[in-house]
Amino acid sequence: MKTKSFSKQSSAFMSSHTTCAPAHSHTRRFSSTFDKTAPSLPTHNRRIKKIHWNVLTACNMSCSFCYLWRYPKQFALSTNHGRQLIKEISRQADWITFGGGDPLMRPDLPELVALAKNLGLKVDLQTNGLLLKGHLFETIAPNLDRIGLSLDGDEATCHDMVRSYPGNFDQVQAALHLCDQAKIPIVVRTMVCKLNLSRLSGISTILARYKSVLKWSLRQFVPLGRGADHASEYSISKSVFVKESTRLQNECSSNFFTFNVSIVSKDEMQQCYCLITPDGRIYAHPSQGDYQCTGKFPEMSLSDLLVKLPYDRKKRDLRDSFTSLSKTSRANYARTASE
Ligand code: SF4
C-alpha cells in the first residue's frame, strides 16, 4: 500500500494553541494514506467518546514552538459544512472538542457551539484565553461542558517566555477565574519542557485555588513542523518527563489537591483519539505506527469515515475511568500495579 507522508505545511493543521494537546503531542510524520487495512469495528464499539475538531488554522498568538501562525494560507470549513459536520458528529460521538488555532477567532463559533449543545453533544472548548471575556464569554459559556486552557509557568516570566507572548499569563489567570466563577469544569494543560521544569509545583499550587479545575494534563514537549527550529530550547527526554510528572502526581496527591493529574503518553493515544483538521481531514492514531488519515469531510460522510477509524471505545473509557479515580483509589491502583 502506498503511503504519502504529510509535508510540514500539512501537519500544521494538526496544531492548536495547546501544543501539549494530543494533536500536538507527537512529532512523527502523519501519513495521509486512506488506510484500507484499518479494521472495521464491531458495532458495539463504533461510537466515539470524543471528536476533536480544529475549526481553523488562524491564531492570535505566535508561540515560537508552533509554526501554525507562520503558515501563509489559512484553512477552515465553511459555516454550512461546520453545521453539517456537527450534525454528523452528534450521531457518532458523545463529546465534541472545538480547537484551533484559537477557535474563538471564528465569528460563527457561538452558533456552532450552540448547535452542538442543542443536538445533545457535550461541548469542550480549547482556547489560549485571549478572547475569553465579555459578551463572547457570556454567549458561549452556557453551552460549554468543559474548557481547556494552557498554563506553562507559575508566574508571568516563565509562562510568557514559554508562550512567547507577554501578558498571556495574566490572561490565562483571568480566564481561569472567569470559568471558575461560572462553574465550568476546567482542564489545564501544561507543556512540560526545559523552560518550566523547575516551576511545575508552583503551577499545581495555582490550580489548587480553583474549585472548577478537574484535571491537570501534563504533556511532554514534542517539536512539530517548524516548531522543531526551537527544539533545543524546549526539549526534554521522555525519562525526565515521566520522572517529573510522576513526582508531581504524588505531590498533588499528598497535598490533597482535588484535581486529577494525567500524564498522557503516546501509548494512551493509540486507538483512543479522533481528530478533524481545519480542512476536514479525519485522523486517528492506530495501534501501531503514526497518525493516519482515513479520508476527508465533506467529500465523504463522517459516518463512512468513522467506520474505518481504528478506535477502541472500551480502551478510551478505561483510560478516562483511571484519570477520574479519586486520589486514594489512584494511590491504591499505583501500589497494586507496582506489586
Ligand atoms: S496559542 Fe500558540 S501554540 Fe496555540 S495555536 Fe496559537 S501560536 Fe500555536
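Provided above is the structure to which this section pertains.
Below is a summary of the structure that appears in this document.

Thresholds, definitions, all that
- Residues numbered from 1 in each chain as written.
- Predicted model: local features only at pLDDT ≥ 70, side-chain atom pairs only at ≥ 80, totals over all residues.
- Helix = DSSP H or I, 4+ residues; strand = E, 2+ residues; numbered from the N terminus.
- Expected span 1.5 Å × (residues − 1).
- Buried ≥ 20, exposed ≤ 12 C-beta atoms within 10 Å, placed from the backbone.
- Arc of directions from axis to C-beta.
- Contact = placed C-beta atoms within 7 Å.
- Axes fitted to C-alpha atoms, helices over the stretch in contact; angles between N-to-C directions.
- Parallel < 35°, antiparallel > 145°, perpendicular 65-115°, else oblique.
- Nonpolar A, V, L, I, M, F, W, Y, C, P; charged D, E, K, R; others polar.
- Core = buried A, V, L, I, M, F, W, Y, C linked by C-beta atoms within 7 Å.
- Pairing = 2+ DSSP bridges.

**Structural notes on helix α6 (residues 168-181)**
In a regular helix each residue adds 1.5 Å, so 14 residues correspond to 20 Å; α6 covers 20 Å between its end C-alpha atoms and thus fits that length. Buried residues of α6: Asn 168, Phe 169, Gln 171, Val 172, Ala 175, Leu 176 and Cys 179, and no others. For α6, the angular spread of the buried residues around the axis is 160°, confining them to a single face. Of the surrounding secondary structure, the elements contacted by the buried residues of α6 are β4 (146-150), α5 (156-163) and β5 (186-192).

**Details of the packing of α5 against α6**
To describe two helices that pack against each other, one gives the angle between their axes and the distance between the axes. Contact geometry for α5 and α6: axes closest at 8 Å, N-to-C directions at 105°. By the angle between their axes, α5 is roughly perpendicular relative to α6. On α6, the residues touching Ala 156, His 159, Asp 160 and Arg 163 of α5 are Asn 168, Phe 169 and Asp 170. Looking at the contact of α5 with α6 residue by residue, the class counts come to two nonpolar, two polar and three charged.

**Focus on helix α9 (residues 238-254)**
Taking 1.5 Å as the rise per residue, α9 with 17 residues should run 24 Å; its terminal C-alpha atoms sit 24 Å apart, in good agreement. Of all the positions in α9, only Phe 241, Ser 245, Leu 248, Gln 249 and Cys 252 are classed as buried. With its buried residues spanning 105° around the axis, α9 presents them on a single face. Facing away from the buried surface of α9 by more than 90 degrees, the exposed residues are Ser 239, Lys 243, Arg 247 and Ser 254. Each element contacted by the buried residues of α9 is listed here: β5, α7 (200-207), β6 (213-220) and β7 (260-263).

**Some points on the nonpolar core**
The tendency in soluble globular proteins is for nonpolar side chains to be buried side by side. Residues Ile 51, Ile 89, Ile 96, Leu 149, Ile 186, Val 188 and Cys 274 are the most contacted members of the largest nonpolar core, which totals 76 residues. Those residues in contact with Leu 149 that sit more than four places away from it in its chain are Thr 127, Gly 129, Val 172, Ala 175, Leu 176, Ile 186 and Val 188.

**Quick notes on the sheet that holds strand β2 (residues 93-99)**
Read across the open sheet, the ten strands follow the order β7-β6-β5-β4-β3-β2-β1-β8-β9-β10; overall the sheet is mixed. The sheet is open, and its two borders are formed by β7 and β10 (292-296), each paired with just one other strand. Going across the sheet, the axis of each strand differs from the next one's by a mean of 20°, ignoring polarity. Those strands touched by α9 are β5, β6 and β7, and its axis lies near 170° from that of β7.

**Some remarks on unusual backbone geometry**
A negative phi holds for most residues other than glycine; trans holds for most peptide bonds. Here the residue pair Gly 100 and Gly 101 is connected by a cis peptide bond, since its omega of 20° sits within 30 degrees of zero. Structurally, Gly 101 is set in the loop between β2 and α3 (109-118). In this structure, the amide linkage connecting Phe 297 to the following residue, Pro 298, adopts the cis form with an omega of 5°. A positive phi is found at Ser 164, a non-glycine position, where the angle reads about 50°. In this structure, Lys 183 takes a positive phi of about 60° despite not being glycine. Along the chain, Lys 183 falls in the loop between α6 and β5.

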